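# Secondary and tertiary structure notes
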Amino acid sequence: MLAGQSVLITGGAGFIGARLAMTLSDRHRVTVFDNFNPQVHDAVPQTRMRLARHGVDVITGDIRDPREVGAAVARTRPRVIYHLAAETGTGQSYSKPTHYTDVNVMGTAHLIEAVRRHVPDLPRIILAGSRSVYGEGSCIDAQGRPACAMDRRQPDLDAGLFQPRSRTGALLTPVPTDATCPVAPASVYASTKLMQEYLLSQAFWGTPTRVGILRLQNVYGPGQSMNNPYTGVLSIFCRQILDGQVLDIFEDGQITRDFVQVDDVVRAFAMMGQARAMPQEVLDIGAGQGATILSVAQTLLACLGAPPDRLVVTGAYRPGDIRHAVADISRAVTLLGWQPDVALPDGLARLAAWSRDQVSYPARAIS
Ligand SMILES: NC(=O)c1ccc[n+]([C@@H]2O[C@H](COP(=O)([O-])OP(=O)(O)OC[C@H]3O[C@@H](n4cnc5c(N)ncnc54)[C@H](O)[C@@H]3O)[C@@H](O)[C@H]2O)c1
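Each chain carries its own residue numbering, running from 1 in the direction its sequence is written. Where local features are concerned, this predicted model is filtered to residues with pLDDT of at least 70; where side-chain atom pairs are given and counted, the filter is 80 or more; whole-chain, interface and lining totals use all residues. Only heavy atoms go into the side-chain values, all of them from the structure, while hydrogens and water stay out.

Pairs of strands are assigned from DSSP output, requiring at least two bridges between the strands. Secondary structure elements follow DSSP: runs of H or I no shorter than four residues count as helices, runs of E no shorter than two count as strands, and numbering proceeds from the N terminus. The 7 strands lie next to each other as 3-2-1-4-5-9-14, forming an open sheet whose pairing is parallel. The open sheet has two edge strands with one neighbour each: strand 3 (57–60) and strand 14 (283–285). Averaged over all pairs of adjacent strands, the angle between strand axes in this sheet comes to 20 degrees, irrespective of strand direction. Of the pairings in the sheet, the one linking strand 1 (residues 6–10) to strand 4 (residues 80–83) comprises 4 bridges and is parallel in character. Bridging from a neighbouring strand, Ile9 pairs with Tyr82 of strand 4. Whether two residues are in contact is decided by their heavy atoms, any of which lying within 4.5 Å being enough. Only the stretch in contact is used when a helix axis is fitted, and all axes are lines through C-alpha atoms; the angle between N-to-C directions ranges over 0 to 180 degrees. Each of strand 1, strand 2 (29–34), strand 4 and strand 9 (210–216) touches helix 1 (residues 15–24); the most contacted strand, strand 1, lies at about 170 degrees to it.

See below:
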């Protein structure tokens, strides 16, 4: 991607997209296409101002509307498209399967048709994919052999047996997961994210358009909505702590996630756009290390000066939740030359400071 070229970011007003837009705006003409979904955006004027200060053009439009998507692509004639627009709530996707399919799957199809019509020579389209497509992800058995984890069974979960198991019921040990792991989406959201990957790869096969896919782990950091109850567990924890609430920790607190800081993720996207030869393989983007939900809750309580006992491990579980998620990031390191910089304790401290600021000065935008 040469300096001064046009870049279009769908979902570019969101948590990751806005940071990406502002970062790329130093060298490129960046346009954001976003419908400012009210579930995500509670400070639209501030977000618009922040993007405008960085010279980012904003097109308000809905990815579900083929005319609006087509007009945005025709107007900007991008050399790189980052496709981030999506509904992102795993839990919410159960109650709104039509809506999630409309936005995530049909929206991607509209984008494909807009590219074909208006920029058939588009060099790159880069998708914000999700590690949710793996379901439980890679595991090994007691002998250290690769083994497939089955969807966790309700009777086991009711009995407090949370660890992943094989088809025969044997306990499995999770290991870091990369794109060699067979996909097994465990939620409606995950299925729609997988469809996005399939549609882009299939539609642009044999065309000048290269498709890049980053499967993101749990992205966190300043700028993530603190009011959207369906995404961003760490932002939700910050909000609850600052509101004086007790944190509910699901299962036995040992659910593991790979938390990757948003600046690291934005750097990965920027590198995908700028790499001389963009990696064609799916890349996993995470910290490459797991942290339990209990431990991050405890750290955030400490960072925000709340008593350590302001949490309860409930034993409750949620359908579609997976137990462990840790990325094997070695392909991103080797093929893209990317690796994460922000250590979790530092990232959590920054998130806590930002969230405190948000509650004290809700209209203040991040820069
Ligand atoms: N945050 C994470 O942990 C994470 C993890 C894996 C994958 N992802 C993916 O990264 C992308 C960005 O996620 P995010 O965390 O920034 O979420 P976000 O909700 O902050 O951003 C999504 C943006 O898409 C916009 N949008 C939603 N519906 C739209 C529609 N119909 N038309 C146009 N715009 C619409 C929203 O207004 C929002 O600005 C998503 O595709 C998500 O699936 C995120």
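This is not the end of the story, as more comes after the structure.
This next bit is on the packing of helix 5 (residues 97–118) against helix 7 (residues 188–203). In contact at an axis separation of 9 Å, helix 5 and helix 7 are set at 15 degrees when each is read in the N-to-C sense. Classed by the angle they form, the pair helix 5 and helix 7 counts as roughly parallel. Where helix 5 crosses over helix 7, the two elements pack in a sense that is right-handed. Taking contact as the criterion, the partners of Pro97, Tyr100, Thr101, Asn104, Val105, Thr108, Ala109, Ile112 and Arg116 in helix 5 are, on helix 7, Val188, Tyr189, Thr192, Met195, Gln196, Leu199, Leu200 and Ala203. Under the convention adopted here, Pro, Cys and the residues Ala, Val, Leu, Ile, Met, Phe, Trp and Tyr are nonpolar, Asp, Glu, Lys and Arg are charged, and Gly plus all remaining residues are polar. Across the contact of helix 5 with helix 7, the residue classes break down as 11 nonpolar, 5 polar and 1 charged. Just so you know how the angles are binned, under 35 degrees is roughly parallel, over 145 roughly antiparallel, 65 to 115 roughly perpendicular, and the rest oblique. If you view the pair so one helix is near and one far, a crossing is left-handed when the near helix is turned anticlockwise from the far one by less than a right angle, and right-handed when it is turned clockwise.

On to the packing of helix 1 against helix 9 (residues 262–274). Here helix 1 crosses helix 9 at 55 degrees, and the two axes come no closer than 9 Å. Taken together, the axis directions place helix 1 and helix 9 in an arrangement best described as oblique. Of the two possible hands of crossing, helix 1 and helix 9 adopt the one that is right-handed. Of the residues in helix 9, those touching helix 1 at Phe15, Ile16, Arg19, Leu20, Thr23 and Leu24 are Val262, Asp263, Val265, Val266, Phe269, Ala270 and Gln274. Here the contact of helix 1 with helix 9 is composed, by residue class, of 9 nonpolar, 2 polar and 2 charged.

So, on to the pattern of salt bridges. Two side chains carrying opposite charge are able to pair once their charged atoms lie near each other. Counted as salt bridges are all cases of a side-chain nitrogen of Lys or Arg within 4 Å of a carboxyl oxygen of Asp or Glu. Overall, the coordinates contain 21 salt bridges when judged by the stated rule. Between Asp264 and Arg267 there is a salt bridge, with the nearest N and O atoms lying 2.7 Å from each other. A residue pair is termed a helical-turn pair when its members lie 3 or 4 positions apart in one helix, as Asp264 and Arg267 do in helix 9 at 3 residues. Residue burial is assigned from relative accessible area. The probe radius is 1.4 Å, only protein chains are included, and a residue is buried under 20% of its type maximum, exposed over 50%, and partly exposed in between. The exposure class assigned to Asp264 is buried, which follows from its relative accessible area of 2%. Each of Glu136, Arg152, Glu251, Asp252 and Arg323 takes part in salt bridges that share partners, so that together they form one network.

As used throughout, domain bounds are those supplied by an automatic or database domain assignment. Domain annotation for the chain reports domain 1 (6–138 + 175–360) and domain 2 (139–174). Its C-alpha centre places domain 1 at a distance of 28 Å from the equivalent point of domain 2. Residue-level contacts link 12 residues of domain 1 with 13 residues of domain 2. We define buried area as the total accessible area lost by two parts upon association, computed with a 1.4 Å probe and summed across both. Roughly 1,100 Å² is buried in total at the junction of domain 1 and domain 2, and carbon and sulfur atoms are behind 59% of that figure. By the criterion of area lost to domain 2, the three top residues of domain 1 are Glu136, Val175 and Tyr317, representing 48% of everything that side buries. Applying the counting rule to domain 1 against domain 2 returns 2 salt bridges. For the purposes of these results, a polar contact is taken to be a pair of N or O atoms within 3.5 Å, where, inside protein, one atom must be able to donate a hydrogen and its partner to accept one; residues adjacent in sequence count only when each atom of the pair is a side-chain atom. Linking domain 1 with domain 2 are 5 residue pairs in polar contact (both at pLDDT 80 or more). Taken together, the residues of the side of domain 1 that touches domain 2 sort by class into 3 nonpolar, 4 polar and 5 charged.

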